[in-house]
Amino acid sequence: MTAGNARVKETRKLSRRSERSERRLFLADGPNAVQGALTVAGCVVEVFATRDATEQYAELADAAPRWTVVDDRALASLSDSVSPAGVVGVCRFLDRPLREVVPPVDEARASRRRLLAICADVRDPGNAGTVIRCADAAGAEGLVLAGHSVDAYNPKTVRASVGSLFHLPVALEPDPVAAVRAAQAAGLVVLAADGAGEVDLDEADELLAQPTAWLFGNEAWGLPAELAGLADHRVRIPIHGRAESLNLSTAAALCLYASARIQRRRLS
């Protein structure tokens, strides 16, 4: 199948956010992403792959509901990677309603929610994907992309999550305030990651031991004062050297792992 094939052309349109939203389909680029997608029942619609990749990833080909061999040019037209790995999956949207990711406290399963991440107006797809990956690695039970955050299904976001988008329940909530209120209603203590916070992360063990939702803001301007003010506490990461600040995904990793460390120690 070549780049001029009608099905390839139609699939290529999924590189546009409007097309993804309308069809509720997105592209998973690379074997790791496709492998992750195949672990979710009904997620994968079709996989396009080169002949070489078909031989290399025979197990993926056997597991896929539909595997279509295309030439190198056709595959490159579906991938935004500089060096395509030869495999691109067409997948159904995975996001869940906010109520499922952050269930009300009166529901029995809410008691299992001990760690959540809320990203408000995160615009960089690489950062968003990395935070999803960090939240998954730290054992968080869910993540909310709130406000005017980047599309969870942006190819760079999907790739940066390295498969974690398929492991971690994700909600898309247009209103960051609603996300914070939902976390509080679920019995979670909301901690805003804020360089000017009144609590030092190194001295926050008692706070971190509680069921927690971390609130992260935009890469450039952080959290708006009114949104940070809704949090139960504002927590700063200590800077011991001369760096002005930390990258969003780095800060998120430190905060989420600090919570995971304390919570697992208390539960063991």
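Residues numbered from 1 in each chain as written. Predicted model: local features only at pLDDT ≥ 70, side-chain atom pairs only at ≥ 80, totals over all residues. Heavy atoms only, no water.

### So, the state of the cysteines
For the structure shown, the criterion picks out zero disulfides. Cysteine C134 is unpaired, with the sulfur of C119 as its nearest cysteine sulfur at 10 Å. Here C255 is not disulfide-linked; the sulfur of C134 is the nearest cysteine sulfur, at 11 Å. (Disulfide = S-S within 2.5 Å.)

### Topic: the packing of helix α8 (residues 125–137) against helix α13 (residues 248–267)
Interhelical geometry of α8 versus α13 gives an angle of 15 degrees and a closest axis separation of 9 Å. The angle between α8 and α13 places the two elements in the roughly parallel class. α13 is crossed by α8, and the crossing has right-handed handedness. The residues of α13 that touch α8, namely those facing N127, T130, V131, C134, A135 and A137, are L248, S249, A252, A253, L256 and Y257. Among the residues making up the contact of α8 with α13, the classes are represented as nine nonpolar, three polar and no charged. (Axes fitted to C-alpha atoms, helices over the stretch in contact; angles between N-to-C directions. Helix = DSSP H or I, 4+ residues; strand = E, 2+ residues; numbered from the N terminus. Parallel < 35°, antiparallel > 145°, perpendicular 65-115°, else oblique. Left-handed = near helix turned anticlockwise from the far one by under 90°. Contact = heavy atoms within 4.5 Å. Nonpolar A, V, L, I, M, F, W, Y, C, P; charged D, E, K, R; others polar.)

### Considerations on the pairing of strand β8 (residues 189–193)
Of all five residues in β8, four are buried; the element is thus mostly enclosed. Bridging between β8 and strand β10 (residues 212–216) involves four bridges; their strand directions are parallel. Bridge pairing in β10 links V189 to T212. (Buried < 20%, exposed > 50% of the residue type's maximum accessible area, 1.4 Å probe, protein only. Pairing = 2+ DSSP bridges.)

### Here's the deal with helix α3 (residues 31–38)
All buried positions along α3 are accounted for by P31, A33, V34, G36 and A37. Structurally, α3 contributes buried residues whose contacts are with β1 (25–29), β2 (44–49), α5 (58–63) and β4 (87–92).

### Description of the side chain of D151
Looking at the secondary structure, you find D151 in the loop between β6 (142–146) and α9 (155–160). For D151, a relative accessible area of 7% translates into the label buried. Here R20 takes part through its side chain, which lies 2.7 Å from a polar atom of the side chain of D151. (Polar contact = N/O pair within 3.5 Å; in protein donor to acceptor, adjacent residues only side chain to side chain.)

### Looking at the sheet that holds β6
Strand order across the open sheet formed by seven strands is β7-β6-β5-β10-β8-β11-β9, with parallel pairing between neighbours. Single-partner strands in this sheet number two, and they are β7 (170–173) and β9 (199–200). Sheet topology note: the β9/strand β11 (residues 233–236) ladder contains two bridges and is parallel. Bridge pairing in β11 places V199 opposite V235. Against the sheet, α13 touches β5 (115–120), β8 and β10, its axis set at about 170 degrees to β10.

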